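Secondary and tertiary structure notes
Read off the chains here:
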Amino acid sequence: TKIFAYGIREDEKPALQEWATAHPEIEIDFTSELLTPETAALAQGADGAVVYQQLDYTRDTLAALANVGVKSISLRNVGTDNIDFDAAREFGFKISNVPVYSPNAIAEHSIIQMSRLLRRTKPLDAKIAKHDLRWAPTIGREVRMQTVGVIGTGHIGQVAINILKGFGAKVIAFDPYQNDKLAAEGLYVNSLDELYAQADVISLYVPGVPANHHMINDESIAKMKDGVVIVNCSRGNLVDIDAIIAGLDNGKISDFAMDVYENEVGLFNEDWSGKEFPDAKIADLIARPNVLVTPHTAFYTTKAVEEMVHQSFDAAVAFAGGQTPETAVEY
Ligand code: COI
């Protein structure tokens, strides 16, 4: 059995080596390049492809891969929003992802950013760097005094809720698919509108599927409390960034944290030091004292990277052996 991996980063190599050592019977080859129509031929002769990229898996890309006889794709990440499923179905692709590499990685980061916003660490750090060690006016708010609205109660949302409970926050949640345990606790509100009306802080944990596109927009923001705090560590396309910027400008939104951005491909995980950002909106957001931008790093922990590599290769081998891995994506 031979597995070919695309987009392998330096920081993934130890986990890859570990997996290879544990599976001497599997032949592995890899490239740092992403899967595109041009690089698809590199996988020729392999029984499956392991991939991670935020670049779209387009019809052309899938066709090129199918053309060299590779019909399974095992994503090393959770989101599947960048796959052309119609084309994948047409070419008969088997697809897996890693839905639970480490929900804590993303959940922790989102709550860290939420509490940083509430304690105003960005303006405080800026003051300290300028040798201004006075308290005022950088007074904070406590997490336990907030009603936090959690949108999406899958693996990541559930861990976020547990962390928030530790802080003593009042948590309310919305998800069209309710979790029995959380339902028994009475955490769910009946609609997003209800959540918007009650929450002081709103944090998103839903996939970037078309149905959720720009769910945070002018209309939904108008339904929120004045001075709402919003955190998005899920997918950039969940928010209309122009609506967020307008809300920050008129004070409707007091603070905003984003780990994802609709136009992040080619922007995040690149070094812009000494250069201007190619995107004026990101430059504006990064400059604001009440906005925290991280470049899609919520997932980026040692544990998560290890699990992403190990679980995706496990799934690729299962597909190659004619089995259906637990992490197969049904579509
Ligand atoms: C995901 O797992 O879907 C992420 O957002 C992480 C990133 C490596 C794409």
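Cut-offs applied
Residue positions within a chain follow its written sequence, with the count starting from 1. Predicted model: local features are reported for residues with pLDDT of at least 70 only, side-chain atom pairs are reported and counted for 80 or more only, and whole-chain, interface and lining totals are derived from all residues. Hydrogens and water are ignored here; the side-chain numbers use all heavy atoms of the structure. Either an automatic procedure or a domain database provided the assignment from which the domain bounds are taken. A contact between two residues is defined here by any heavy atoms of the two lying within 4.5 Å. The term buried area refers to how much accessible surface (probe radius 1.4 Å) is lost by two components on association, counted for both of them together. Salt bridges, as used here, are contacts in which a Lys or Arg side-chain nitrogen is within 4 Å of a carboxyl oxygen on Asp or Glu. The cutoff for a nearby residue is simple: one of its non-hydrogen atoms must lie within 4 Å of the molecule or strand. As used in this structure description, the phrase polar contact means that two N or O atoms lie within 3.5 Å; if the pair is within protein, one of them must be able to donate a hydrogen and the other to accept it, and residues adjacent in sequence are counted only when both atoms belong to side chains. Accessibility throughout is a Shrake-Rupley quantity obtained with a 1.4 Å probe, and a residue counts as covered only by protein chains that appear here. Under the convention adopted here, Pro, Cys and the residues Ala, Val, Leu, Ile, Met, Phe, Trp and Tyr are nonpolar, Asp, Glu, Lys and Arg are charged, and Gly plus all remaining residues are polar. What is meant by a nonpolar core is a set of buried Ala, Val, Leu, Ile, Met, Phe, Trp, Tyr and Cys residues, joined one to another through side-chain atoms within 4.5 Å. Burial here depends on accessible area, computed with a 1.4 Å probe over protein chains only, as a share of the maximum for the residue type. Under 20% is buried, over 50% is exposed, and the range in between is partly exposed. Helix and strand labels come from DSSP, where a helix needs a run of H or I of at least four residues and a strand needs a run of E of at least two; each type is numbered from the N terminus. DSSP calls a pair of strands paired once it identifies at least 2 bridges connecting them. Think of each axis as a best-fit line through the C-alpha atoms, taken over the contacting stretch in the case of a helix, with angles from 0 to 180 degrees between the N-to-C directions. Within 6.5 Å between ring centres, the rings of Phe, Tyr and Trp (the latter by its six-membered ring) count as paired, and their orientation is classed by plane angle as stacked under 30 degrees, edge-to-face over 60, tilted in between.

Let us now look at the domain arrangement of the chain. Assigned domains within the chain: domain 1 (2-101 + 302-320) and domain 2 (103-293). Taken together, the contact pairs 9 residues of domain 1 with 8 residues of domain 2. Buried surface at the junction of domain 1 and domain 2, both sides included, amounts to about 690 Å², of which 60% is carbon and sulfur. Among the residues domain 1 hides against domain 2, the three largest losses belong to Gln54, Asp81 and Val100. Together they make up 56% of the total. Where domain 1 packs against domain 2, one counts 1 salt bridge. For Arg235, the salt bridge identified is with Asp81, shortest N-O distance 3.1 Å.

Our next topic: the site of the ligand. The local shell around the ligand consists of Tyr52, Gln54, Asn77, Val78, Gly79, Tyr101, Arg235, His296, Phe299 and Met308. At 2.7 Å, a side-chain N or O of Tyr101 approaches an oxygen atom of the ligand. For the ligand, whose unbound accessible area comes to 280 Å², protein coverage reaches 95%. The residue makeup of the shell around the ligand, split by class, is 5 nonpolar, 4 polar and 1 charged.

In this section: the nonpolar core. Looking at soluble globular proteins, one finds that nonpolar side chains tend to be buried together. Core analysis: the largest hydrophobic core is formed by 33 residues, its most contacted members being Tyr101, Ile106, Met114, Val148, Val150, Ile161 and Leu164. Listing elements by their share of this core, those giving two or more residues are α4 (103-119), β6 (147-151), α6 (155-167), β7 (170-174), β9 (228-232) and α12 (302-320). Aside from chain neighbours lying at most four places away, what touches Ile106 is Tyr101, Ile156, Cys233, Ala298 and Phe299. Formed by 32 residues, the second largest nonpolar core is a distinct cluster that contains Leu195, Ile245, Phe256 and Met258.

Here Ser234 lies in the loop between β9 and α10 (241-250). Exposure remark for Ser234: the relative accessible area of 11% places this residue in the buried category. Reaching out from Ser234, the side chain makes a polar contact with the backbone oxygen of Leu204 at a distance of 2.6 Å. With sequence-adjacent residues up to four places away left out, Ser234 is seen in contact with Leu204, Tyr205, Val206 and Val260.

Here we take up the pattern of salt bridges. With the rule as written, the count across this model stands at 19 salt bridges. The residue Lys281 makes a salt bridge to Asp242 at a minimum N-O spacing of 3.0 Å. Highlighted residues: Lys281 in helix α11 (residues 280-287) and Asp242 in helix α10, separated in sequence by 39 residues. Between Asp249 and Arg288 there is a salt bridge, with the nearest N and O atoms lying 3.0 Å from each other. Placement of Asp249 in helix α10 and of Arg288 in the loop between α11 and β11 (291-293) is noted, with a sequence separation of 39 residues between them.

Our next topic: the sheet that holds β6. The strand order β7-β6-β8-β9-β10-β11 describes an open sheet built from 6 strands, whose pairing is parallel. Single-partner strands in this sheet number two, and they are β7 and β11. Sheet twist, expressed as the average angle between the axes of neighbouring strands with direction ignored, equals 15°. Contacts from α6 reach β6 and β7, with the element oriented near 170° to β6.

As summarised here, the arrangement of the 5 strands in space is β2-β1-β3-β4-β5, forming an open sheet in which the pairing is parallel. Only two strands of the sheet have a single partner each, and these edge strands are β2 (27-30) and β5 (94-96). In this sheet, neighbouring strand axes are inclined to one another by 20° on average, regardless of whether the strands run parallel or antiparallel. Across the sheet, α12 lies against β1 (2-5), β2, β3 (48-51), β4 (72-75) and β5, angled at about 165° from β4, the strand it touches most.

With that out of the way, let us pick up the environment of Asp81. For Asp81, the position within the fold is in the loop between β4 and α3 (85-91). The exposure class of Asp81 is partly exposed, given its relative accessible area of 37%. Residues Asp81 and Gly227, 146 residues apart in the sequence, show an inter-C-alpha distance of 31 Å. Residues contacting Asp81, with those up to four places away along its chain left out, are Gly208 and Arg235. In this structure the side chain of Asp81 is engaged in a polar contact, spanning 3.1 Å, whose partner is the side chain of Arg235.

A word on the packing of aromatic side chains. Applying the stated rule across the entire model yields 5 aromatic pairs. Ring geometry for Phe4 against Tyr6: centres 4.9 Å apart, planes inclined by 70°, an arrangement best described as edge-to-face. By the burial criterion, Phe4 is buried, and Tyr6 matches it. With 4.9 Å between their ring centres and 45° between their planes, Phe85 and Tyr331 make a pair best called tilted. Taken together, the residues span a long stretch of sequence, with Phe85 in helix α3 and Tyr331 in the segment after α12 at a distance of 246 residues.

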